[in-house]
Amino acid sequence: MSSKPIYGLLAEFETPEQVLAAARRTREAGYRRIDAFTPIPVEGLAEAVGFTWTSLPIVVFIGGLLGGMTGFGMCWYANVISFPLDIGGKPFNSWPMWIPITFELTVLGGALAATFGMLAMNGLPTPYHPIFNVSRFALAATDRFLLCIKARDKKFDVAQTRAFLEGMNPHGVFEIDA
């Protein structure tokens, strides 16, 4: 008897308070691979499921730094190495006139790093996800609050996790096929 692999278990709640309390209880019980889906922002839910820190600011800083260095480097190369001109006895490395392009490429590098870093860290675009197979998932866009415990969690056991979720009195607990 072989069982098909599952992605995790999904519990459906009717109010934001219920899903917030359930997320906190789930973290306290030792589950770490959890996610929540809600139709509205629920204050404190991100912390309750464990999203407390992101490395995106570091990525944006590095992108901005590389953009600024690229802008300054292009100006330096063009004016000092590639085509040096003696204009009014000014040095070839006259950096004050390069500030605008350096600033603009710093902003561009930071913005591109923020955009693509956010997409990569969120795993986007995701045209298919196993949770889409649960018919009740569509309600997360209208009036239901869902909590998912993923099967890759170290503490995950189908029977024990199902019993744990059902102990929080959800509207239903559903298996997510992988």
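Residues numbered from 1 in each chain as written. Predicted model: local features only at pLDDT ≥ 70, side-chain atom pairs only at ≥ 80, totals over all residues. Heavy atoms only, no water.

Caption draft 1: Structural context of the packing of aromatic side chains. On inspection of all chains with the given rule, the structure shows 4 aromatic pairs. Between Tyr 31 and Phe 164, the ring centres sit 5.4 Å apart and the planes meet at 40°, which makes this aromatic pair tilted. Residue Tyr 31 is found in the loop between helix H1 (16-28) and strand S2 (34-37), and its partner Phe 164 is found in helix H5 (residues 158-166); the two are separated by 133 residues along the sequence. Each member of the pair, Tyr 31 as well as Phe 164, is classed as buried. Relative to Phe 137, the ring of Phe 37 has its centre 5.2 Å away and its plane inclined at 85°; by these criteria the two rings are edge-to-face. Of the two residues, Phe 37 sits in strand S2 while Phe 137 sits in the loop between helix H4 (99-121) and strand S3 (145-150), which places them 100 residues apart along the sequence. Here Phe 37 and Phe 137 have matching classes, each one buried. Members of the aromatic cluster, joined through ring pairs, are Phe 37, Phe 132 and Phe 137. (Phe/Tyr/Trp six-rings, centres within 6.5 Å; stacked < 30°, edge-to-face > 60°. Helix = DSSP H or I, 4+ residues; strand = E, 2+ residues; numbered from the N terminus. Buried < 20%, exposed > 50% of the residue type's maximum accessible area, 1.4 Å probe, protein only.)

Caption draft 2: Structural detail: the environment of Lys 155. In this fold, Lys 155 is placed in the loop between S3 and H5. For the pair formed by Lys 155 and Arg 32, sequence separation is 123 residues and the distance between their alpha carbons is 8.4 Å. Not counting chain neighbours up to four residues away, the residues in contact with Lys 155 comprise Ala 29, Gly 30, Tyr 31 and Thr 161. (Contact = heavy atoms within 4.5 Å.)

Caption draft 3: Quick peek at the nonpolar core. Of all hydrophobic cores here, the largest spans 23 residues; its most connected members are Phe 13, Leu 45, Val 49, Leu 147, Ile 149 and Leu 165. Dropping the residues within four chain positions of it, Phe 13 is found in contact with Gln 18, Val 19, Ala 22, Arg 144, Phe 145, Leu 147, Met 168 and Pro 170. If you look at the next biggest cluster of nonpolar residues, it comprises 10 residues, including Phe 137, Ala 140, Leu 146 and Ile 176. (Core = buried A, V, L, I, M, F, W, Y, C linked by side-chain atoms within 4.5 Å.)

Caption draft 4: H4, seen in detail. Between its first and last C-alpha, H4 extends 32 Å over 23 residues, near the 33 Å set by a 1.5 Å rise per residue. The complete set of buried residues in H4 reads Thr 102, Leu 105, Gly 109, Gly 110, Ala 113 and Gly 117. Where H4 is buried, its residues meet helix H3 (56-82). One or two positions beyond H4, positive phi appears at Gly 123, with a value near 70°. (Expected span 1.5 Å × (residues − 1).)

Caption draft 5: Focus on the sheet that holds S3. The strand order S2-S3-S1-S4 describes an open sheet built from 4 strands, whose pairing is antiparallel. If you trace the sheet from one side to the other, it starts and ends with S2 and strand S4 (172-177), each paired once. Between one strand axis and the next, the sheet turns by 25° as a mean value, whatever way the strands run. Direction of pairing for strand S1 (residues 6-13) relative to S3: antiparallel, over a ladder of 6 bridges. (Pairing = 2+ DSSP bridges. Axes fitted to C-alpha atoms, helices over the stretch in contact; angles between N-to-C directions.)

Caption draft 6: Region of interest: the pattern of salt bridges. Across all of its chains, the model carries 4 salt bridges by this definition. As a salt-bridge pair, Arg 136 and Glu 12 come within 2.7 Å of each other at their nearest N and O atoms. Of the two residues, Arg 136 sits in the loop between H4 and S3 while Glu 12 sits in strand S1, which places them 124 residues apart along the sequence. Of the charged contacts, one joins Glu 175 and Arg 162 as a salt bridge, the two residues approaching to 3.5 Å between their closest N and O atoms. With a gap of 13 residues between them, Glu 175 in strand S4 and Arg 162 in helix H5 connect regions that are remote in the sequence. On the basis of relative accessible area, Glu 175 is assigned to the partly exposed category, the value being 37%. Since its relative accessible area comes to 24%, Arg 162 is described here as partly exposed. A single network of salt bridges, built from pairs that share partners, joins Glu 12, Glu 14, Arg 136 and Arg 144. (Salt bridge = Lys/Arg side-chain N within 4 Å of Asp/Glu carboxyl O.)

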